[in-house]
Amino acid sequence: MTRGLGELESTIMDRMWARRRPASVRDVLEDLRQERTIAYTTVMTVMDKLHSKGLLKRRPVGRAYVYEPVASKEAYTADLMRSALAGSGNQAATLVHFLERLTVEEAAALEAALQVFPHRGSRP
C-alpha cells in the first residue's frame, strides 16, 4: 500500500518535481535554506530515504549523487488515490463520498479526464 510522505519528504519531493532536472543534495539544500535552517545531513538522509522508498532514482557524479523523481507528481498522486480506494471497505461507497465532495473545478477536471481516457468496457 502506498503511503503518504512526511512534511520534509513532501517538501523535498515538491522541489524535485518543480526542478524538472536532476539535483544534488547540495542543490536541494540551497533551495530549502531560502526558507528554513536545515543541515546538509538532514537533507541527505531524507533524499536517501526517498530513494529507498522508490520515489527518487540516483546516479553517482563524482563523490556525490544526483537525484531525480522516478515518476511525476501526478502519477504519484494517482498511486495514492488508488491505494486509498483499494484500502476502503466498500469501493463504490468510497467513490460516492469522493464525488459528493468534489468542487466545481474538480468535477470539471474529472469530466475532462474521462473524455480523454476511454471507458475500459469499450476496449476490444
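Here the structure is shown first, and the text comes after it.
Trainee: Got a sec to walk through the overall build of the protein? Specific residues and values, please.
Mentor: In terms of regular secondary structure, the protein is built from 6 helices and 3 strands. Traced from its N-terminal end to its C-terminal end, the protein shows the element sequence α-β-α-α-β-β-α-α-α. Against the globule reference of 14 Å for 124 residues, the protein gives a C-alpha radius of gyration of 18 Å, more extended than a compact globule. Considering only C-alpha atoms, the protein reaches an extent of 50 × 35 × 25 Å along its principal axes. Counting all 124 residues of the protein, 23% fall into the buried class. Taking the contacts inside the protein whose residues are at least 6 apart along the sequence as the reference set, 48% of them involve residues at least 24 apart. For the protein, the accessible area works out to roughly 9000 Å², and carbon and sulfur atoms hold 55% of it. Computing the positive centroid from 19 side-chain charges and the negative centroid from 15, the protein places the two 8 Å apart.

Trainee: A description of helix α3 (residues 40–52) should follow, citing residues and the corresponding values.
Mentor: Look at α3: 18 Å from first C-alpha to last across 13 residues, which is about the 18 Å you get at 1.5 Å a residue. Within the sequence span of α3, burial applies to V43, V46, M47 and L50. Within α3, the buried residues cover an arc of 100 degrees as seen down the axis, which keeps them to one side. Taken from the residues just after α3, G54 is the one with a positive phi, measuring 85 degrees.

Trainee: Describe a nonpolar patch on the surface, listing the residues and the values that go with them.
Mentor: A cluster of nonpolar side chains, contributed by M81, L95, F98 and L99, occupies part of the molecular surface with about 370 Å² of accessible area. Here the element with the most residues in the nonpolar patch is helix α5 (residues 91–100); it accounts for 3 residues. Here L95 shows up in helix α5. Judged by relative accessible area, which is 39%, L95 ranks as partly exposed.

Rules used throughout
All residue numbers refer to positions counted from 1 along the written sequence of the respective chain. The model is predicted, so local features are restricted to residues of pLDDT at least 70 and side-chain atom pairs to those at 80 or more, both for listing and for counting; the totals for chains, interfaces and linings are taken over all residues. The side-chain quantities take in all heavy atoms of the structure and omit both hydrogens and water. For helices the rule is a DSSP run of H or I covering at least 4 residues; for strands it is a run of E covering at least 2, with both sets numbered from the N terminus onward. Put simply, the radius of gyration uses C-alpha atoms, and a globule should come to 2.2 Å times the residue count raised to 0.38. Partly exposed residues are those whose accessible area sits between 20% and 50% of the maximum for their type, while under 20% is buried and over 50% is exposed, using a 1.4 Å probe and protein chains only. Only heavy atoms enter the contact rule, under which two residues are in contact if any of them lie within 4.5 Å. The accessible surface values rely on the Shrake-Rupley method and a 1.4 Å probe; as for residues, cover is taken only from the protein chains in view. The charge count treats Lys and Arg as positive and Asp and Glu as negative. His and the chain ends do not count. In this description, the location of a charge corresponds to atom NZ of lysine, CZ of arginine, CG of aspartate or CD of glutamate. Expected helix span is given by 1.5 Å per residue-to-residue step, counting one fewer step than there are residues. The directions considered for the arc run from the helix axis to the C-beta atoms. Only residues whose relative accessible area exceeds 30% and that take part in no salt bridge are eligible for patches, with like-charged residues grouped when within 9 Å of each other and nonpolar side chains (Val, Leu, Ile, Met, Phe, Trp, Tyr) grouped when within 5 Å. Any carboxyl oxygen of Asp or Glu within 4 Å of a side-chain nitrogen of Lys or Arg constitutes a salt bridge here.

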